Amino acid sequence: MNSSAERARTDSTCRSLQRGCSRRALLGLRYFVLPLLPVLLTLAGPFQQALAVENLVRNEGFEKVESSGAPVGWQASGDSRLVSQSLRTEEVAGRGRVARLECTSFRGGNPAAHAMICQYGVKLRRGATYRLSFQARADAIASDIVSVAISDTAQWENCGLNSAFVPAAEWLRHEFLFRASRDCGEKSRLQIWFQSTGTLWLDNVVCEEAGSEDLYHPGQIIPAAGVRNLIPNASFECGTDGWGSEAWDRSVHWGGGMNALFGETDNQQARDGQHSLRIELTPQNQPVSYFDYYELARDPIRAPLAGNQGYIEVEPSKDYVFSSFLKAAVADTPALLAVRQFNGRSFEKAVRVGAEWQRFELTFKPTSRWCYVLAGPDLRAVSGRPQPPESATLWLDAMQLEPGSQPGDFAPRQAVEFGLATENAGNVFGWDEPIAVQVPCVSYGGRGAARLEFWLTDFFDRRLDWRAEAKEGLDHQQKTHVVRIPPRADVRGFLRFHARTTSGEMTAEKSIRLASIPVHRAADSRFGMNHAYAWPHLLDLSRKAGLVWVRDWSIKWQEVEPEKGRFDFLETDFQIDRPLRHDLKVLGLLPFPSSNWSSSAPESVAVTDRYPANRARVAYAPRDEQEFAAYVSQSVQHYRERIDWWQCFNEPIFTDYSLPRKHGYTGADYARWVKVFAQAVRDANPRAKVLAGIGASHEGIQADFEQFFAAGGLAAADAVDIHHYPRLRPPEYMEEWLQRFNKSMDEHGGRKPIWLTEYGYYADDEPHSVPISDSGFDSPLASEVQQAAYVVRWTMIMLAGGVEKIFYHAGTCDGLNRDSMQGIFYEYGGTPHKVYAAQAVMASLFTPACRFVKRLDVGEGVRGYLFRDGERVVACVWAPSGAKPRPLHLANDRMQLLDLMRRPQSARRFTPDGTPVYIVADGMGKSEFKLQ
């Protein structure tokens, strides 16, 4: 099983940073990133520059002390009615004086409920890049997470840093890079805080200007050195390797951009070599971008441009020319050449393409150091072209990006090029089918045959014991090799297929993500997604991994009944039917209490089409119960044959758009509307079920749930909804919360099944940009291995605590050279993250019929949970950080040890670590199942 070093990596971001890491891992080691203003966590590497600049923090080493014992220039902050805390300094052997922040009692209830050490007057300049670093250790911080920010207290706005870390018991250094979002003066506040009891020690706090443009850069950079044509696979002789599509129609909605190439290689038409890229766009095949929030998206894409994956290195302010040979089936076809820069403006040129090959060019001066190129048909209705053609067929070939103002003769980027591809969407295979990887290779310029070698690595990035015969690529022509990997028990789960080509002194390597999974074919599952993914191939891949459910937001009152008595389900039908066609199940969510016309909001709350202000009126309770019941009844009746589970509102009381607390609503108010909702649902469809709940599961919500339960909300519902976003926090804390929650249900009439309809852990080992933008709740973990381990640990605790369904947030997706952390499972094109394979394994082992049996006694702090599914028992065991694991022995020959990817292990003895393992046994009673 995993080594102790792997366990440390899985359980502690800080430890993995302390040990150092490879460049790929470094790009994955990030904390919290604001959507527009990046924050980057790093220790060392090519993008870090040490600058001899002023430390903006005073008394950084806490050597100066007030008579009270508190450090000079620092103070504690928090609501004294809710928090008992103390800030003082103390001497530490070998270190000197440090700050000690201790919280002895904590009660949530408002934003000031925290234990905080802070300093005012940390001055920042808008647009400048800063590095904050400090050393920290902690003891018994119940919330696990410590937050870090710099705020402008004059307006209570964030200044660009808003992050978090998980402190360890030993001293570790933590570092955050960020760009200031505003000028901050004396009213600025550097604040480090936690929301629980516990003790935090700090030392050597430094905030200084970092001053390097390379601190924010693409994750995949295509270097310019030594080549004239900067575009890889520029004439498609290696198939579509390295190419994708981007919609030039408009800014993409929250669901994400195009997630796969629209087009295919054509070996009948070529300007250079044997292949071109053919893009045929018609009203029948045009890609359509869907999403169900806020305003429904069903947008046909009329300008699907082909673009290279990765950012090409260029020199700012230098002349460049992008050229492409184009040919159309019909003369005068509108098309577009474009260049999109990293973090900068785009360049574009509209062209008209004839029926013969013609070279078109776009000249530009980049302002960024990196860019990518795009070309394709443009059938948008734009100024000067109000009635574009409905269809177009366009061929692209011999694309070139080079310095200068005039294009030179076409030349490939390299004398030898190769690609990697499979015929399976996302490179996802079932366990029972062979993995087949296509390796097109072409050698130019008489350099001789290229030698190709192949190997595989697994979930833990360990090289597998698999050998493939080396291949020879033919000179002066393209040849596609097919490498087949037969089904094997040890070749399961997440994999990487690697290839190396050698031609003379030139060597190149590349790899692709793969997954070999137990394909989920059952009708139901415990797992789903909050929002359906925007593209068909992602829905199919989700189904394969057991993500059977989608939580749909489209049936908003304002959408389906825009005025009283006039119902229209045309657009919601498109949203609902789309996942159903992919054999998925829909949870129908009616997210907001009202429509604009039915709201009890005062007249001062205006109707607007600007988001998020357009949610203000619909947040209020309905003005009339009968009108609300009619909306619910009509919706349920319309989808009677398609939806059996219905949810009443999203995160009421907690959010500002659903019976918000700030307007005086309580859990009892929500219970009133749940009872009306439930009656209307069951009248319209007696077999339908009702889901209701406050949503967020942090401490401050407990009182709201109590009110909701006591007012009859629990009795009216068939299941109770919770949400949680653990961020960087290890999962084990949720066990105690679930115990309290179940006890509360026991006290108010009895337990109901729990549905967790929003949740996620996030990570990406290969981000398209460094750092990846996220909004706080999707703070990235240290690695995809840690993400998968945490997801499995979380799921076991949930299932043991009465949770029936788990929905991940959210069905968003990556676009070309763009990330979406919230999408969780997929890279561009649906290629899998490591957690995708872990999810497929969980769906295969923990079916809806599987039931929790007991907690196993397997060592101090070690977690073990036993489940039964018919004649099979399944246990999951791991040791979180701080546990004291001992070697465990499988006491019965029928017990089989499996790793996280469900690969059989020959060992009969193992020591648990941070990455869970499974033990499976058929035909065994719970008393026979023993780990000794």
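What counts, and where the lines are drawn
Within any chain, residue numbers begin from 1 and follow the written order of that chain's sequence. Residues qualify for local features only when their pLDDT is at least 70, as the model is predicted, and side-chain atom pairs are given and counted only at 80 or more; totals for whole chains, interfaces and linings, by contrast, use all residues. To obtain the side-chain values, all non-hydrogen atoms of the structure were used and water was disregarded. Helix numbering and strand numbering both begin at the N terminus, where a helix is a DSSP run of H or I of at least 4 residues and a strand a DSSP run of E of at least 2. Here the globule rule reads 2.2 Å times residues to the power 0.38, and the radius of gyration is calculated from C-alpha atoms. Working definition: with a 1.4 Å probe on protein chains only, accessible area under 20% of the residue-type maximum means buried, over 50% means exposed, and in between means partly exposed. Working definition of accessibility: Shrake-Rupley area with a 1.4 Å probe, residue cover restricted to the visible protein chains. Salt bridge, as used here: a side-chain nitrogen of Lys or Arg that lies within 4 Å of a carboxyl oxygen of Asp or Glu. Here the rule is simple: two strands pair whenever DSSP picks up at least two bridges between them. Lines fitted to C-alpha atoms define the axes here, with helix axes fitted over just the stretch in contact, and angles between the N-to-C directions of these axes take values from 0 to 180 degrees. In what follows, residue pairs with any heavy atoms lying within 4.5 Å of each other are defined as contacts. In this scheme Phe, Tyr and Trp rings, the latter by its six-membered ring, pair at centre separations within 6.5 Å, and the angle between planes marks the pair as stacked below 30 degrees, edge-to-face above 60, and tilted otherwise. As a reminder, the over-ring test applies to NZ of lysine and CZ of arginine, requiring each to be within 6 Å of the ring centre and within 35 degrees of the ring normal. Counting rule for disulfides: a pair of cysteine sulfur atoms within 2.5 Å. Confidence scores per residue from the predictor, reported as pLDDT, run from 0 to 100. N or O atoms within 3.5 Å of each other form a polar contact, as long as, within protein, one can give a hydrogen and the other can take it, and as long as residues adjacent in sequence are counted only when both atoms are side-chain atoms. Helix span is expected to be 1.5 Å times the residue number reduced by one. For this classification, under 35 degrees means roughly parallel, over 145 means roughly antiparallel, 65 to 115 means roughly perpendicular, and everything else is oblique. Each helix crossing is assigned a hand: it is left-handed if the near helix lies turned anticlockwise from the far helix by less than a right angle, otherwise right-handed if that turn is clockwise. Amino acids are sorted into nonpolar (Ala, Val, Leu, Ile, Met, Phe, Trp, Tyr, Cys and Pro), charged (Asp, Glu, Lys and Arg) and polar (every other residue, Gly among them).

Q: I'd like a description of the overall build of the protein chain, backed by residues and values.
A: If you tally the helices and strands in the protein chain, you get 13 helices and 51 strands. Against the compact-globule benchmark of 30 Å for 932 residues, the protein chain has a radius of gyration of 29 Å, which places it among compact chains. Counting only C-alpha atoms, the protein chain reaches 80 × 75 × 70 Å along its principal axes. When burial is assessed residue by residue, the protein chain has 60% of its 932 residues classed as buried. Surface accessibility of the protein chain: about 34,500 Å² in total, with carbon and sulfur atoms responsible for 46%.

Q: Describe the pattern of salt bridges, listing the residues and the values that go with them.
A: Where charged atoms of side chains with opposite charge meet at close range, the side chains can pair. Under the counting rule described, the total for this entry stands at 61 salt bridges. Among the ionic pairs, glutamate 90 bridges to arginine 100, the shortest N-O distance being 3.3 Å. Here glutamate 90 is found in strand 3 (residues 83-92), whereas its partner arginine 100 is found in strand 4 (residues 96-106), with ten residues between them in sequence. Taking relative accessible area as the criterion, arginine 100 reaches 13% and is therefore assigned buried. Here arginine 462 makes a salt bridge to aspartate 458, at a shortest N to O gap of 3.8 Å. On the basis of relative accessibility, which here comes to 3%, the residue aspartate 458 falls in the buried class. One continuous salt-bridge network, built from bridges that share partners, spans Arg88, Glu90, Arg100 and Glu102.

Q: Help me get a handle on the sheet that holds strand 39 (residues 689-696), residues and values and all.
A: The strand order 35-36-37-38-39-40-41-43 describes a closed barrel built from eight strands, whose pairing is parallel. Within this sheet the neighbouring strands show an average axis-to-axis angle of 30°, counted without direction. Note: strand 37 (residues 585-590) against strand 38 (residues 645-648), four bridges, orientation parallel. Residue leucine 587 lies in a different strand from strand 38, and its bridge partner there is tryptophan 645. Contacts from helix 8 (residues 667-684) reach strand 37, strand 38 and strand 39, with the element oriented near 155° to strand 39.

Q: Can you break down the sheet that holds strand 27 (residues 416-418) residue by residue, with the values?
A: Strand order in the open sheet formed by three strands is 27-29-32, and the pairing between neighbours is antiparallel. On the outer flanks of this sheet lie strand 27 and strand 32 (478-485), each paired with one strand and no other. The sheet shows a mean angle of 20° between the axes of neighbouring strands, direction not considered. As paired strands, strand 29 (residues 435-443) and strand 32 are joined by eight bridges and run antiparallel to one another. Following the sheet pairing, glutamine 438 is matched in strand 32 by valine 482.

Q: Give me the lowdown on the packing of aromatic side chains, citing residues and values where you can.
A: This structure, assessed with the given rule, holds 59 aromatic pairs. Plain terms: the ring middles of phenylalanine 708 and phenylalanine 709 are 5.9 Å apart, the flat faces sit at 45° to each other, and that makes the pair tilted. The same class applies to phenylalanine 708 and to phenylalanine 709, which are both buried. Of the aromatic side chains, those joined through ring pairs into one cluster are Trp557, Trp597, Phe628, Tyr631, Phe649, Tyr670, Trp673, Phe705, Phe708, Phe709, Trp737 and Phe741. Its end group placed over the ring of tryptophan 201, arginine 137 keeps NZ or CZ at 4.1 Å from the ring centre.

Q: Could you give me a rundown of unusual backbone geometry, with the residues and numbers involved?
A: Between tyrosine 293 and the following residue, tyrosine 294, the backbone shows a cis peptide bond with an omega angle of -10°. Take tyrosine 294: it is sitting in the loop between strand 17 (288-291) and strand 18 (297-300). In this chain, tyrosine 611 is followed by proline 612 through a cis amide linkage whose omega measures 5°. Along the polypeptide, proline 612 turns up in the loop between strand 37 and helix 7 (625-638). Of note, aspartate 144 is a non-glycine position whose phi angle comes to about 70°, a positive value. Position of aspartate 144 among the secondary structure elements: in the loop between strand 6 (129-139) and strand 7 (146-152). When its relative accessible area of 24% is taken as the criterion, aspartate 144 is described as partly exposed. Unusually for a residue other than glycine, asparagine 343 sits at a positive phi of about 60°. In this structure, asparagine 343 sits in the loop between strand 22 (333-341) and strand 23 (346-353).

Q: I'd like a description of the state of the cysteines, backed by residues and values.
A: Within this structure, the stated rule accounts for one disulfide. Shown here is the disulfide that connects cysteine 159 with cysteine 184, its sulfur atoms set 2.5 Å apart. Taking the sign of the S-S torsion, about -125° here, the bridge from cysteine 159 to cysteine 184 comes out left-handed. Residue cysteine 159 is located in strand 8 (residues 157-165), and its partner cysteine 184 is located in the loop between strand 9 (172-179) and strand 10 (188-194); the two are separated by 25 residues in the primary sequence.

Q: With reference to specific residues and values, describe helix 4 (residues 536-544).
A: Buried residues of helix 4: His537, Leu538, Leu539, Leu541, Ser542 and Arg543, and no others. In the core, the buried residues of helix 4 are packed alongside strand 28 (428-430), strand 36 (547-552), helix 6 (570-580) and helix 13 (834-845). Of the residues one or two after helix 4, glycine 546 is the one with positive phi, at around 85°.

Q: I'd love a proper account of the confidence of the model for the protein chain, names of residues and values included.
A: Overall, the predicted model of the protein chain reaches an average pLDDT of 91, with 92% of residues at or above 70. Low pLDDT, under 50, characterises residues 1-51; the stretch is placed with 169 contacts to residues that sit more than four places away or in other chains.

Q: Tell me what's going on with the pairing of strand 33 (residues 493-503), and back it up with residues and numbers.
A: Most of strand 33 sits out of view: nine of its eleven residues are buried. Summarising the sheet, strand 30 (residues 450-457) and strand 33 pair through seven bridges and their orientation is antiparallel. Within strand 33, the residue paired with leucine 456 across the bridge is phenylalanine 497. The pairing of strand 33 with strand 34 (residues 506-517) spans eleven bridges and is antiparallel. Bridging from a neighbouring strand, glycine 493 pairs with serine 516 of strand 34.

Q: Account for the environment of asparagine 817, with residues named and values stated.
A: Of note, asparagine 817 is situated in the loop between strand 43 (803-809) and helix 13. In sequence terms asparagine 817 and serine 245 are 572 residues apart; their C-alpha atoms lie 9.9 Å from each other. Among all residues touching asparagine 817, those that are not within four sequence positions of it are Asn308, Gln309, Gly310, Tyr311, Tyr372 and His768. At 2.6 Å, the side chain of asparagine 817 and the backbone nitrogen of glycine 310 are in polar contact.

Q: For helix 8, give the residues involved together with the corresponding values.
A: A rise of 1.5 Å per residue sets the reference length of helix 8, with its 18 residues, at 26 Å; its end C-alpha atoms lie 26 Å apart and thus fit the reference within 8%. Buried residues in helix 8 make contact with strand 37, helix 7, strand 38, strand 39, helix 9 (702-710) and helix 10 (713-716).

Q: So what's going on with the packing of helix 8 against helix 9? Which residues, and what values?
A: Packed helix pairs are characterised by how far apart their axes lie and by the angle those axes make with each other. Helix 9 packs onto helix 8 with a crossing angle of 45° between their chain directions and a minimal axis gap of 7 Å. Taken together, the axis directions place helix 8 and helix 9 in an arrangement best described as oblique. Here helix 8 and helix 9 pass one another in a crossing that is right-handed. Residues Gly667, Ala668, Tyr670, Ala671 and Val674 of helix 8 touch helix 9, and the partners they reach there are Asp704, Gln707 and Phe708. Residues that form the contact of helix 8 with helix 9 fall into these classes: five nonpolar, two polar and one charged.

Q: With reference to specific residues and values, describe the side chain of glutamine 400.
A: You can see glutamine 400 is positioned in strand 26 (residues 392-403). Look at glutamine 400 and you get buried, because its relative accessible area is 0%.

Q: Tell me about the pairing of strand 18, and name the residues and values.
A: As judged from the four bridges shared by strand 17 and strand 18, these two strands associate in the antiparallel manner. If you follow serine 289 over to strand 18, its bridge partner there is aspartate 299. In this structure, the hairpin formed by strand 17 and strand 18 is closed by a connection of five residues.

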